[in-house]
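Here is how the chains run, residue by residue.
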Amino acid sequence: MTSTSSTSGAVSGRDMANALRILAVDAIELAASGHPGIALGAADIITVLFSRFVCFDAQDPHWPDRDRFVLSAGHGSALLYALFNLLGYEDMPIEELQRFRRLDSRAAGHPEHELLAAVEATTGPLGQGLAAAVGMAIAERHLAARFGDDIVDHRTWVLAGDGDLMEGISQEALSLAGHLKLGKLTLLHDDNRITIDGDVALADSTNQLARFAASNWHVQSVDGHDHEAIAAAIEQAMQDERPSLISCRTTIGFGAPSLAGSAKVHGAPLGPGEVAKLRAALNWPDTEPFKVPTNIRDAWRLLGLRGRKARNQWQKRLDKLTPRRRAEFERRMAAELPADFRPAMRKLRARLTEEAPVIATRQASGRALEVVNQELPETIGGSADLSGSNNTRAGALDDLTADGPAGRYLHYGVREHAMAAIMNGLALHGGVIPYGGTFLVFSDYMKAAIRLAALMRLRVIHVLTHDSIGVGEDGPTHQPVEHLAGLRAMPRLLVFRPADAVETAECWQLAVQRQDRPSVLALTRQPAPPVRTRVEKSNLCLHGAYELAGSGNGGSDAVIFASGSEVALALKARQIVEEAGFAVRVVSVPCMELFDEQDEEHRRRIIGGERVRAAIEAGVRDGWWRFIGRDDIFIGMRDFGASAPAGDLFAHFGITAEALAEALMQRLRAESAEAREEGSGT
C-alpha cells in the first residue's frame, strides 16, 4: 500500500490533528475524567497514520481485509473515539462522544471491543494490546498463506506507550514477533517519557531501540510531531521484512501551555482555564466545545470513505474464487463450524465409550484433538514449550514458522502470558480458532489475558494440564490448588474439568462450539478410569452437571458431587456406602458455569433434596457452594501440596474413596439414629 496525500484541500495535517486534540479534550472535560496527555501528544501520529497509510472503510468496519489498528495504550481512548467520530463511524456520533465514560455509553473509559465496531481489541491493562496485535499479524500471515495474497493482504498497526513497553508481556510478545518475521506489524511508540509517577527515568533506563533490534525488529526514531518525518519512517518500515518499531518522541499534553511535558497532564482533565489556553495555543477557531470547522470535519470524512474503492476491488477478487474456496473463506471469517463437525464428535464419543481407555485426560484431549484438527482446518494449536506434556500437537499439523506461515502449530516458547494474549489476537482477527497449552498452575501468568478474552467473549481454548496434586513429585510449586476456584470465579469463562476420555471429548466439542466464551480444559497428568460406560446420543456435559449413578427420584440417602479424576473416587465411595445399606447418587460436574445456565427445573433435580451431601475435588472448596452448604462434607485441599508420588499424595491429604465413604457413613448413621429417636419420641 502506498501513502496518500497529507492534506485535503486547504486543510493541513496539523489542522486535522488539532481537531482530534480538541474533541478528545472536550470529551474529557465534560466527563470530568480521562487522560488528556496521550490524546494531545499522540494526535500527530494518529493523523499521519490514518490519513496516509491505514486501509479501512468506515462504512464497513468488519471488512475482512481491512488493516487492524490496536490502541495498546488504552487509556488514550478519548483520542480513539474522537478519531472514529471524525471518520464517520456510525456508532460514534458526537452525542456518544459527549457521553464519554458515562453509564451505557459506547465511549467507555478504555476501548471495549464489544461496544464499538472499529475497536479491534479491548485494551487498558498495559502490554495486552501489543501482544494481541502480534496475534493479529500472525493470523494475517497464516490466512494469506492459506487463501492467497489476493484475499488476505493487510497490515497491523499498534500505538503503545512507555508503560506498554515496561510490562513483561511486551518482551515475550515482541521477541516472538521478531522470530516469526512479522513484516506487516508496525508498532508506533508514543515516546513521551512520562508515567503517572513522573519521568520514566525514575524507574527505567532501557534503550528501547536496542532492545527491539536485538529481537530482530527494524527500528527507527523520529520526532513524533513532525508529520513528514513520521510518514517517511512508516514508508521505510513497510519495505522491511521484519516487524518495525518507530519510536516517536512526543510531548505529553502537547499544546497545553502550563501542563505539557509533565505527569500532571497524564490522567486528569485540564480544567476550563487550561483548555482555553490550549485552544489559543493551537489557534483553534471555535471556543464552543465539540465544535469542529466544516472544512476540517469534511477532510476527515473523506478519509473515512477512501477505503471503499479498495474494499470493492477486494470483493471482486473474492468473487473470482471457486465457489467452494469462497464458501470456506466466508465460513471461517463468520466463525461458523462445518456441518461434519458434530457427527464426527459423536462418533468419537461412541468409540471412546466402547474402548473405555484408562488414560489421563490430557491424553484423551490429544485423541479428541486429532478429530477436532481433522475436521476444523481453522484451528491453530500451540504450547508454551510443553507440547508433549499437554498433548496439544495432535493430528498432522505442520509448524507455523517464519518460512512456513501456513502451518497450524505454533511454538510459543516459555511465554505463557504472551501465548494467552496472542491467542486473543488470533481470535480477534477471525478466520482461526486458537488453542494453547501449559500447566494449570501456570495460568497465574496468563490471568490478565484470559480475563480480557472473557471480557471480549472470544473463542479461545486453554488446554491446562497437570490439574491437581496428581502432578506428584514436582511438588507444590507445580501443583494447582486454588486455581480452579480462581478461574471459575471469572465471569464468562467456561472451566471444564472432565472425568474421563468420553467427558473430555464432550468438553472439547462444547469449547469449540461456544463462539462467545473462552474455555479452560483442566486435565489430569495421572490416568483416569472410565466412568461413562453407556453410549449416549446427546452430549451430557452440555448441562454442566448430570446424574452419573443412582436415582434422582428422591429415593437416595446421600448425594456426591465430583469433577475430574475424583469422579471415579466418588463412584467407588458410592459402592462402599451402598454395601453398608444406604442409597447414594453421584453427580458428575464437568462445568459449573454451564450448570448455572440451565433452567431451574434441571438445577433443582440435579441438586436434589438429600440431607447428607458431599463434594470431592482435589482443590479448594470455593465454588462448590452451588451444590453443598457450609456444614456439608467436602473432601479436598486446604493447603498447598507436597512432593511425592501422586498416589501417596492423595492418601496423605485424605482425598480417597475410603475417606469420602467414611465421612458419608458417619453422617448417614447419625441421621438414622436421629430419625429413630424422633420416631420413638425420646
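Before going into details, it helps to say that this report is about the structure given with it. Worth saying up front: this structure is predicted, and the values here are computed from it rather than measured.

### Considerations on the overall build of the protein
Within the protein one finds 26 helices and 20 strands. Relative to the compact-globule value of 26 Å for 682 residues, the protein shows a C-alpha radius of gyration of 28 Å, a close match. When the backbone C-alpha atoms are referred to their principal axes, the protein occupies close to 95 × 60 × 45 Å. Taking all 682 residues of the protein together, 60% fall into the buried category. Across the protein, the fraction of contacts at a sequence separation of at least 24, relative to all contacts at a separation of at least 6, is 78%. Of the roughly 25700 Å² of accessible surface on the protein, a fraction of 48% belongs to carbon and sulfur atoms. Between the averaged position of the 74 positive side-chain charges in the protein and that of its 88 negative side-chain charges there is a distance of 4 Å.

### Remarks on the pairing of strand β6 (residues 218-223)
The two faces of β6 differ: His218, Gln220 and Val222 on one face are buried, but Val219, Ser221 and Asp223 on the other face are not. Handedness of the crossover is the feature at issue here: the chain leaves β6, passes through helix α10 (residues 227-237), returns alongside strand β7 (residues 244-249), and the resulting connection is right-handed.

### Considering the sheet that holds strand β12 (residues 461-465)
The six strands are arranged β10-β9-β11-β12-β14-β13 in an open sheet whose pairing can be described as parallel. Where the open sheet ends on each side, the last strands, each with one partner, are β10 (409-411) and β13 (494-496). Strand-to-strand twist in this sheet, taken as the mean axis angle between neighbours without regard to direction, amounts to 20°. For strand β11 (residues 433-439) and β12, the ladder comprises five bridges, and the chain directions are parallel. Bridging from a neighbouring strand, Tyr435 pairs with Ile461 of β12.

### Some words on the environment of Arg532
Positionally, Arg532 belongs in the loop between β15 (527-528) and β16 (546-549). Sequence separation between Arg532 and Ala501 is 31 residues, and the spatial gap between their C-alpha atoms is 8.6 Å. There is a polar contact of 3.1 Å between the side chain of Arg532 and the side chain of Tyr546.

### Notes on helix α4 (residues 77-87)
Counting buried residues in α4 gives 11 out of 11 residues, a clear majority hidden from the surface. The inward-facing, buried residues of α4 contact α1 (13-31), α2 (36-41), α3 (43-52), β1 (68-71), α5 (94-97) and α12 (294-306). Of the residues trailing α4, Gly88 is marked for its positive phi of about 95°.

### Considerations on the environment of Val265
Position of Val265 among the secondary structure elements: in the loop between β7 and α11 (272-281). Non-local contacts of Val265, meaning those with residues more than four positions away in its chain, are made with Pro36, Gly37, Ile252, Gly253, Leu259 and Leu270.

### Some thoughts on the pattern of salt bridges
One pass over the full model with this rule turns up 39 salt bridges. Note that Arg52 and Glu228 form a salt bridge whose closest N and O atoms lie 2.7 Å from each other. Taken together, the residues Arg52 in helix α3 and Glu228 in helix α10 connect sequence positions 176 residues apart. With a relative accessible area of 8%, Arg52 lands in the buried category. Using a relative accessible area of 48% as the deciding quantity, one classes Glu228 as partly exposed. Residue Arg514 pairs with Glu597 through a salt bridge whose shortest N-O separation is 3.3 Å. In this pair, Arg514 sits in the loop between α21 (501-513) and β14 (519-523) while Glu597 sits in the loop between α23 (592-596) and α24 (600-607), placing the two residues 83 residues apart along the sequence. Salt bridges sharing partners connect three or more residues here, namely Asp467, Arg488, Arg497, Glu566 and Glu617.

### Looking at the sheet that holds β16
If you walk across this open sheet you meet the five strands as β16-β18-β17-β19-β20, and the pairing is mixed. Because the sheet does not close on itself, it has two edges, and the strands there are β16 and β20 (633-635). The average angle at which neighbouring strand axes cross in this sheet is 25°, direction not considered. When strand β17 (residues 558-562) meets strand β18 (residues 584-588), the two strands line up parallel, connected through five bridges. Bridge pairing links Ala562 to Ser588 in β18. Packed onto the sheet, helix α22 (residues 566-579) meets β16, β17, β18 and β19 (612-616) and runs at close to 175° relative to β18. Strand contacts of α24: β16, β17, β18 and β19, with the helix running at about 130° to β18, the strand carrying the most contacts.

### Looking at the packing of helix α13 (residues 308-319) against helix α14 (residues 323-333)
Two measures define how a pair of helices packs: the angle their axes make with one another and the distance between the axes. The contact between α13 and α14 brings their axes to 9 Å, and the two run at 125°. Classified by the angle between their axes, α13 and α14 sit oblique to one another. Along its contact with α13, which presents Trp314, Gln315, Leu318 and Asp319, the element α14 presents Arg326, Phe329 and Glu330.

### A few points about the nonpolar core
With 75 residues, the main nonpolar core has Phe50, Ile234 and Trp300 as its most contacted residues. Counting residues per element, this core draws most heavily on α1, at 11 residues. Setting aside chain neighbours within four positions, we find Ile234 in contact with Val48, Leu49, Phe53, Trp157, Leu188 and Ile246.

### Digging into the packing of helix α6 (residues 128-147) against helix α8 (residues 168-179)
Taken N-terminus to C-terminus, the directions of α6 and α8 make an angle of 20°; their axes are 9 Å apart at the nearest point. In terms of orientation, α6 lies roughly parallel with respect to α8. Here α6 and α8 pass one another in a crossing that is left-handed. Together, Gln128, Leu130, Ala131 and Val134 of α6 and Ile169, Ser170, Ala173 and Ala177 of α8 make up the contact between the two elements.

### A short note on α22
Spanning 14 residues, α22 covers 20 Å between terminal C-alpha atoms, matching the ideal 20 Å at 1.5 Å per step. All of the buried residues in α22 are Glu566, Val567, Ala568, Ala570, Ala573 and Val577. Immediately downstream of α22, the backbone of Gly581 shows phi near 105°, a positive value.

### So, unusual backbone geometry
Even without a glycine there, the phi angle at Phe290 is positive, about 65°. Structurally, Phe290 can be placed in the loop between α11 and α12. A relative accessible area of 11% places Phe290 in the buried class. One non-glycine residue, Arg492, lies in positive phi territory at about 75°. You can see Arg492 is positioned in the loop between α20 (483-488) and β13. Relative accessible area serves as the criterion here: at 28%, Arg492 is assigned to the partly exposed category.

### Details of the pairing of β1
With burial as the criterion, each face of β1 is covered, one bearing Arg68 and Val70 and the other bearing Phe69 and Leu71. The sheet contact formed by β1 and strand β2 (residues 156-161) spans four bridges and is parallel. When the sheet's bridge partners are listed, Leu71 is paired in β2 with Leu159.

Criteria and cut-off values
Along each chain, the written sequence defines residue order, and numbers are assigned to residues from 1. Given that the model is predicted, a residue must reach a pLDDT of at least 70 before its local features are reported, and side-chain atom pairs must reach 80 or more before they are shown or counted; all residues, however, enter totals for whole chains, interfaces and linings. Based on all heavy atoms of the structure, the side-chain values leave hydrogens and waters out of the count. Numbered from the N terminus, helices here are DSSP runs of H or I no shorter than four residues, and strands are runs of E no shorter than two. Put simply, the radius of gyration uses C-alpha atoms, and a globule should come to 2.2 Å times the residue count raised to 0.38. Residue exposure (1.4 Å probe, protein chains only): buried if accessible area is under 20% of the type maximum, exposed if over 50%, otherwise partly exposed. Note on contacts: a residue pair qualifies if any of its non-hydrogen atoms lie within 4.5 Å across the two residues. Using the Shrake-Rupley algorithm and a 1.4 Å probe, accessible areas are obtained, with residue cover drawn only from the displayed protein chains. Positive charges come from Lys and Arg, negative ones from Asp and Glu, while His and the chain ends are left out of the count. Charged groups are reduced to one reference atom each: NZ for lysine, CZ for arginine, CG for aspartic acid, CD for glutamic acid. Seen with its strands pointing away from the viewer, a crossover is right-handed if its path from the first strand over the helix to the second goes clockwise. Think of it this way: DSSP has to see at least two bridges between two strands before they count as a pair. To obtain an axis, a line is fitted to C-alpha atoms, over the contacting stretch when the element is a helix, and the angle between two such axes runs from 0 to 180 degrees between their N-to-C directions. Here a polar contact is taken to be a pair of N or O atoms separated by no more than 3.5 Å, where protein atoms must pair a possible hydrogen donor with a possible acceptor and residues adjacent in sequence count only if both atoms sit in side chains. Here a salt bridge means any side-chain nitrogen of Lys or Arg lying within 4 Å of a carboxyl oxygen belonging to Asp or Glu. Comment on the angle field: the value is read as roughly parallel under 35 degrees, roughly antiparallel over 145, roughly perpendicular from 65 to 115, and oblique elsewhere. Here, the term nonpolar core denotes a set of buried Ala, Val, Leu, Ile, Met, Phe, Trp, Tyr and Cys residues that are joined through side-chain atoms within 4.5 Å. Left-handed describes a crossing whose near helix is turned anticlockwise from the far helix by less than a right angle; the clockwise case is right-handed. Expected helix span is taken as 1.5 Å per residue step, with the number of steps being one fewer than the number of residues.

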